[in-house]
Amino acid sequence: MCLRVCCSAMANIKTEDEIILFEREMKEFWTKLKSIYGTEQINQTLALRDSCKESVKALSEKWSKKLKEGDLMIDKIQEYSNEILQQSQRISENQEHLTEIKSNLNQEEEQKEDLTDSIQELKEELMKKKEIISSKNKATKERMERLCKSKVLFEERLGLEIRRIHNEQLQFIFRHIDHKDPDKPYVFTLSINEQGDYEVTSCTPPLDCIAELQLKVRETNNFSAFVANIRKAFTALSYKQSAQN
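Here the structure is a predicted model, which means the values were calculated and not measured. (Residues numbered from 1 in each chain as written. Predicted model: local features only at pLDDT ≥ 70, side-chain atom pairs only at ≥ 80, totals over all residues. Heavy atoms only, no water.)

## Points about helix α4 (residues 210–220)
Along an α-helix, residues three or four positions apart point the same way, because every turn accommodates 3.6 residues. Basically, it comes down to this: Each residue gets one of three labels from its accessible area relative to the maximum for its type: buried under 20%, exposed over 50%, partly exposed in between, using a 1.4 Å probe on protein chains only. Only runs of H or I of at least four residues qualify as helices and only runs of E of at least two qualify as strands under DSSP, and these elements are numbered from the N terminus. What the arc covers is the set of directions going from the helix axis to the C-beta atoms. Any two residues whose heavy atoms approach within 4.5 Å at even a single point are treated as in contact.
Within the span of α4, buried status applies to I210, L213, Q214 and V217. The arc that holds the buried residues of α4, viewed along the axis, is 100 degrees, so those residues lie on one side. Counted as exposed and oriented over 90 degrees from the buried face of α4: A211, E212 and E219. Buried residues along α4 sit against β4 (198–204) and α5 (223–244). Downstream of α4 by a residue or two, N221 has a phi angle that is positive, lying close to 60 degrees.

## Quick word on the pairing of β4
Walk down a regular strand and you will see the side chains alternate between the two sheet faces. Operational definition: The pairing criterion for strands is at least two bridges between them, as found by DSSP.
Relative to β4, strand β3 (residues 186–192) runs antiparallel, the two being bridged by six bridges. Residue pairing for β4: F188 is matched across the bridge by C203. Taking the residues that link successive antiparallel strands as the turn, the β3-β4 hairpin has five residues, and the phi of G196 there is positive, at about 85 degrees.

Below, the structure is given as structure tokens:
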């Protein structure tokens, strides 16, 4: 430990001696320099040095200012670049939004056209149905008129009474069939269905041949023969029942 302290002390002493020696040598140098060049020349050199220092200082300040302005300009350019980038992003987003809106408008236009076509088709279909219904109603009306015109003839010759009942149906009532009871009614009800065909909706008493007679009148459209055949069937049924009794 003591050895370390001694060595450190010696090192410090050596450093101080070197500094003293350096200062002495510098003084001797300046003394020799003054003796060689003279004081005036040294002052000129110092003035030139100071002038150079001032020039360097002014130039440094100028370039420092330029550098600061350049940094500000770079910051400003960077700021403008960021702003342009943001605007570009907003423009891109708006463009996508406009594209979406345009696509939706195109879809709505297509849907509108489809709806218009559907409405037109429905109108045409409705007109056709109206024409069909009108035609059927006309045919039904004509048939009903023919039936009514035949009423007197049937009543006089066949002992038949025709009544118009609910749902535009006609009820045919035959009498003078049963010799034991001339006033006994034999009845069937007739309508015209949606297809415009004759349809027997009820028959009292029931006849086994009613379906066959109904099919025949649809094929021939001979209504008078149809009514006459039903009367014949009621008459045959009456004879059969009388024979059984």
